[in-house]
Amino acid sequence: MSSSRPAKTSAVSRNKGKRKLTRYTDDNGDEEGAHLLSSDADADLEAQPEGEEIPLDTRPVRVHDTRRDKSRTVPFKPPEKLQKRFPPNVVRNQKYNVVTFLPLVFYEQFKFFFNLYFLLVALSQFVPALKIGFIVTYVAPLAFVLCVTIGKEAYDDYKRNMRDREANSARYLILDADSAHDDHHVGLPSRAVPSSDLRVGDLVYLEKNQRVPADMVLLRTSDASGTCFVRTDQLDGETDWKLRVAVPSCQSVPADADLLRLNAEIYADAPIKDIHSFVGTFSLHGSAAPKVEPLTAENVLWANTVLAAGSAVGFIVYTGAETRAVMNTSHPKTKTGLIDLEINQLAKILCTVTFALSVLLVALNGFRGLWYVYIFRFLILFSSIIPISLRVNLDMGKTVYAQQIMTDDEIPGTVVRTSTLPEELGRIEYLLSDKTGTLTQNEMELKKLHMGTMSFGFDSMDEVAHQLATAYGTSAEEGTPTATGFQMATRGRRDMSSRIRDVVLSLALCHNVTPVRNDDGTVTYQASSPDEVAIVKWTESVGLTLTMRDRTRIDLQAPDGSTLSFDVLELFPFTSESKRMGIVVRDRESGEFTFLQKGADTVMARIVQRNDWLEEECGNMAREGLRTLVVGRKRLSEEAYEAFKAAYLQASIRIDAGRGEAMATVIADHLERELELLGITGVEDKLQDDVRSTLELLRNAGIKIWMLTGDKIETATCIAISTKLVARNQYIHQVAKLTTADAAKNELDFLQSKPDCCLVIDGESLQLCLNLFKNEFIEITTKLSAVVACRCSPTQKADVARLIRSHTKKRVCCIGDGGNDVSMIQAADVGVGIVGKEGKQASLAADFSVTQFSFLSKLLMWHGRNSYKRSAKLAQFIIHRGLIISVMQAVFSSIFYFAPIALYQGWLMVGYATVYTMAPVFSLVLDTDVNASLALLYPELYKELTKGRALSYKTFFEWLMISLYQGAAIMIMSLALFENEFLNIVAISFTALILNELIMVALEITTWHTYMVISEIVTLFIYVISIAFLPEYFDLAFVLSSRFAWKVALIVAVSSFPLYLIKFIRSRVAPAATSKLT
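- The chain is annotated in an unreviewed UniProt entry as Phospholipid-transporting ATPase of Exidia glandulosa HHB12029.
- Listed under Sequence similarities (unreviewed entry) in UniProt, the entry text for the chain is "Belongs to the cation transport ATPase (P-type) (TC 3.A.3) family. Type IV subfamily."
- Word for word, the UniProt comment on the chain under Cofactor (unreviewed entry) is "Mg(2+)".

What follows is the structure in structure tokens.
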């Protein structure tokens, strides 16, 4: 009876004090990066002491609120009724199903004004009174666009379905006492089931390189230490392997099959988004008092991670929609390019013009008869003013631009993930960049070691190695002369040697690095931070090598070849909130307990003993562009450690929201007091190739650059100077630690009076300014040439991007390389991701993926500029092509008593927008006004584009006037010159129209391309040949006569020669900027 009461207690759900955590569950609208990669203030420290026997009734008891609470207590071998309460483990990434496919696709298409307009025109042709010409001429273009879209969406969704099926049908072994032994694992009772059939409470056996199918607590591994490595790149984008730890009570059982006989249960908190946080307990019931062990994120394998080595057994706690992977999968909003919005706006103007023209023609006829039907018939006749081919041509153009970007040999590895945005690259006015891994290489190297009275630079590290060797006895100076001066010198050297030994030994122990032996015998270091790997590699270079590391032990090889062994008693990993990491070790030889800690100077300054050099030296290193870490040490008595251990265990088994805070308090009270300051390390993060020249080029192109980083002010300022983000002799104004509204107002007033300075601001001050003076702050800072924001969270980065977009209405580009940049990248008009050492998550979430920052110059200055100019020219020419034929129709109807009769019918209308003009017009996507080297040499050319003059109301009305003149000229002269039959006016005017369009394309081309020449010649040949096959429109005898030739030549000369003359005069009087460079 004594053991049943605690068991019953532990089965009661815990909900009290969990309001902060449950917000993750309910708030699914957050940006992906907001909680995926940044721990919350209430996140627990991922430290796990060894399990001890603690009575269950000492834990907080909480009562279920069954309507909201999703926490669970799951026993081993759970009843089926309990398992059915949780979501099925089904992966579903499909956007549609059989019922919703067509309605959703049609909605997405017809919410655009363009497509809705053509739908109404096409439907009108089924009304006999409104029917004009072939129905196919109105229905076919729209049907083609819709079929292509439906086909693409169906194919994409089919591929998603196939991927889902593959994931759902992957088979996994689950341990089951009632099953026969599996052929592959003799002696292990198991059965294979598809991933979709896995349920909460199942024990899953995983092998090397197998994907984790659901969120599960790690019970046991094939490694005797109870640890395993997982690859998390598909979850958080980080390429480093992560160490996971099995539940000690389960690891200690003799074999995997013995897990089935355990009388135990696991409590897991409600599912949340944060992958760095997990609150749970493992309860083992036996004859004695129940044993409770705390569970943290270190004990959990998240779904979609991959077991990197060995085998493992896990206990499923979350399935399907409740897994961290699914909860962090956000579907970013579809981005629409500014040029598409501008063209949509022009389409509305054209629609208004069409309606006004139709009403005008009916009004001039005195609104006779069925005038409202005539208005509709005119609307349909003029429908070519808004050509449906515009959407098709622009989309095809975007595909061409994307292909040109991806096949550019000078920017290899560039991937276009959003093919609808190439033109946006030509209109960027603000660039928001991450620092580490984006402007820098994320390749760390320890360059400096400072110990108060001693400092070693990169070129004096051999002295460190010599002193370390001396300390470990390989160069002991026995037999030196007995003169007093030499004795003092020797004593001084030995004092220096011991200090160097202390700091190097501390650096070799205080980390989370694991040496991994590869198949070829080489050893690589695995850690979640490149800083730590750089420091461990440095300790190896000076003589102290990390040879073995597991959960409980670290072995080092000393310079003299001996092995130093230490027991790892506690590990406190680095978090973005604590900004430090610590470790408690015991020397196996001496039995001495030591607490070692390293971290940022801002937090370590109050932990280490009072000194007069820490702040100054950290500032000096930061000004050199080095990342600083402060190293401290505290020797502990066994009694002091045991007191800490007991208090820490009590805090760690709490399961309310204050658990992390309680654990941090225990560490601060018992360990983080009066540490001995051993030294400061300065680690250099090398700059990316050609960063300086790229930033200078972008600045000359009129792009304002903001650097958003999580680094400290001094380091960020130094990087800003070394990368030439700050111009030579430019004043740098630093704003830090603002706490009052008055101080913030004073800083803003100063910035307003000095608009040519560079602002460097920390995250705290930035947040204060945004909270109190959001509009004023953005108004002032967006006018500055450069801004550096330090200590920024991922959410702040995204907020800044959104604010600049909404306030300035300008195009914002964000570039980054890490998972913490995903929110910013998705919030930008154009997101660029760099494939870097922090993984591929930023690259996968971005619209464009590059392999290094310097590629941005060609991506923007060349490809972006070309894409925008070409699309602007193509769009306006296609609108002109529709307008000119509508003007001819209007003139024709006006002369023939305002009758709504089509001038051109059937195949002529079909051919006009396709085979007769499409190829030459589309060839404009290959036009260039300058070559690539000139575009990069004169970035000022890019600055012109940001004003949007390539496609504006001015250029639109210029083309409107051209269309009005040419359409009227062709039609009026054709009517003046046509003979006795109406058939001749169609032949003369249509031939003149086709030749006029081919000449207009030639006039618009700046640099001829082979395809352009071929398209012009082939199109003209096709038109000439087709005349013979269209006798209902062309009288062959008349077409072959000299009268036809001179009349068409005269009409074409009148319609196009004035345009050539105007262009020639303009090129002499007001030449384009580009013409001066060629």
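### Points about the overall build of the chain
- Across its full length, the chain holds 38 helices and 34 strands.
- Taking all 1078 residues of the chain together, the buried fraction comes to 56%.
- At a minimum sequence separation of 6, the contacts of the chain that also span at least 24 residues come to 75%.
- Summed over its atoms, the accessible surface of the chain is roughly 46200 Å², and 56% of this surface lies on carbon and sulfur atoms.

### Things to note about helix α22 (residues 713-722)
- With seven of ten residues buried, α22 lies mostly within the body of the structure.
- Among the residues of α22, those classed as buried are I713, T715, A716, T717, C718, I719 and A720.
- Looking one or two residues beyond α22, the residue adopting positive phi is K724, at roughly 70°.

### Describing the nonpolar core
- In this structure, I343, I386 and L390 are the most contacted members of the largest nonpolar core, which totals 60 residues.
- For this core, the element with the highest residue contribution is helix α29 (residues 855-895), accounting for nine residues.
- Listed in part, the 50 residues of the second largest apolar core include L188, L198, V247 and L260.

### Side note on the sheet that holds strand β8 (residues 241-245)
- What the three strands build is an open sheet, ordered β8-β7-β13; its pairing is antiparallel. Of all the strands in the sheet, the pair left with one neighbour each is β8 and β13 (306-307).

### Notes on the packing of helix α11 (residues 338-364) against α29
- Close contact between α11 and α29 brings their axes to 12 Å; oriented N to C, the two are set at 5°. On the basis of their axis angle, the class for α11 and α29 is roughly parallel. Contacts between α11 and α29 involve I339, I343, L346, L350, L357 and L361 on the former and, on the latter, Y868, S871, A872, A875, I879, L883, A890 and S894.
- Across the contact of α11 with α29, the residue classes tally to twelve nonpolar, two polar and no charged.

### Considerations on unusual backbone geometry
- Even without a glycine there, the phi angle at K77 is positive, about 55°.
- Looking at the secondary structure, you find K77 in the loop between β1 (72-75) and α4 (80-83).
- For K77, a relative accessible area of 61% corresponds to the exposed category.

### Section: a nonpolar patch on the surface
- On the surface, V915, I1014, V1018, F1021, I1022, I1025 and F1029 cluster together into a nonpolar patch covering about 660 Å² of accessible area.
- Within the secondary structure, I1025 is located in helix α36 (residues 1010-1027).
- Residue class for I1025 comes out partly exposed when judged on its relative accessible area of 38%.

### Side note on the packing of aromatic side chains
- Enumeration according to the criterion identifies 28 aromatic pairs in this entry.
- Plain terms: the ring middles of F572 and F595 are 6.3 Å apart, the flat faces sit at 65° to each other, and that makes the pair edge-to-face. Remark: F595 occurs in strand β25 (residues 593-599) and F572 occurs in strand β23 (residues 563-572); sequence separation between them is 23 residues.
- Exposure remark for F572: the relative accessible area of 5% places this residue in the buried category.
- Relative to F1064, the ring of Y1060 lies with its centre 6.5 Å away and its plane at 25°, an arrangement referred to as stacked. Separated by four residues within a single helix, Y1060 and F1064 lie in helix α38 (residues 1042-1069), roughly one turn from each other.
- Clustering of aromatic rings is evident, with ring pairs tying together F572, F593, F595, Y641, F644 and Y648.

### Overview of the environment of R517
- Relative to the helices and strands, R517 resides in strand β19 (residues 514-517).
- Between the C-alpha atoms of R517 and T547, which are 30 residues apart in sequence, the distance is 10.0 Å.
- Apart from the residues within four sequence positions on either side, R517 is in contact with T522 and V523.

### Thoughts on the side chain of D531
- Along the chain, D531 turns up in helix α16 (residues 530-541).
- With relative accessibility at 11%, the residue D531 sits in the buried group.
- The residues touching D531, leaving out its near neighbours within four places in the chain, are M444 and R627.

### Digging into the packing of α29 against helix α34 (residues 953-977)
- Viewed as axis vectors pointing N to C, α29 and α34 meet at an angle of 40°, and their least axial separation amounts to 8 Å. By the angle between their axes, α29 is oblique relative to α34. α29 and α34 meet at a crossing whose hand is right-handed.
- Of the residues in the contact of α29 with α34, the class split is 19 nonpolar, six polar and no charged.

Conventions adopted
Residue positions within a chain follow its written sequence, with the count starting from 1. Local features in a predicted model are, by the rule used here, given only for residues with pLDDT of at least 70; side-chain atom pairs are given and counted only at 80 or more, and totals for whole chains, interfaces and linings are based on all residues. Hydrogen atoms and water are omitted, and side-chain values are computed over all heavy atoms in the structure. UniProt positions are given in the numbering used here, feature names are shortened, and annotations may be inferred rather than shown by experiment. In DSSP terms, a helix is any run of H or I states spanning at least four residues, a strand is any run of E spanning at least two, and both are numbered starting from the N terminus. Exposure categories follow from relative accessible area, calculated using a 1.4 Å probe and restricted to protein chains: below 20% of the type maximum is buried, above 50% is exposed, and the middle band is partly exposed. Contact between two residues is taken to exist if any of their heavy atoms lie within 4.5 Å; hydrogens are not considered. Throughout, the Shrake-Rupley method with a 1.4 Å probe supplies accessible areas, and for residues the shown protein chains are the sole cover considered. The definition of a nonpolar core used throughout is a set of buried Ala, Val, Leu, Ile, Met, Phe, Trp, Tyr and Cys residues joined through side-chain atoms within 4.5 Å. Any two strands with at least two DSSP bridges between them are considered paired. An axis is simply a line fitted to the C-alpha atoms; with a helix, the fit covers only the stretch in contact. Between two such axes, the angle follows the N-to-C directions and lies from 0 to 180 degrees. Any angle between 65 and 115 degrees counts as roughly perpendicular, while under 35 counts as roughly parallel, over 145 as roughly antiparallel, and the rest as oblique. Note on residue categories: nonpolar means Ala, Val, Leu, Ile, Met, Phe, Trp, Tyr, Cys or Pro, charged means Asp, Glu, Lys or Arg, and polar means any other residue, Gly included. In this scheme, patches are assembled from residues that exceed 30% relative accessible area and form no salt bridge. Like charges are connected within 9 Å, while nonpolar side chains (Val, Leu, Ile, Met, Phe, Trp, Tyr) are connected within 5 Å. A side-chain nitrogen of Lys or Arg and a carboxyl oxygen of Asp or Glu constitute a salt bridge if their distance falls within 4 Å. Put simply, two rings from Phe, Tyr or Trp (the six-membered ring, in Trp's case) pair if the centres are within 6.5 Å, and we call them stacked under 30 degrees between planes, edge-to-face over 60, tilted for the rest. Note: crossing handedness is left-handed where the near helix turns anticlockwise from the far helix by less than a right angle, and right-handed where it turns clockwise.

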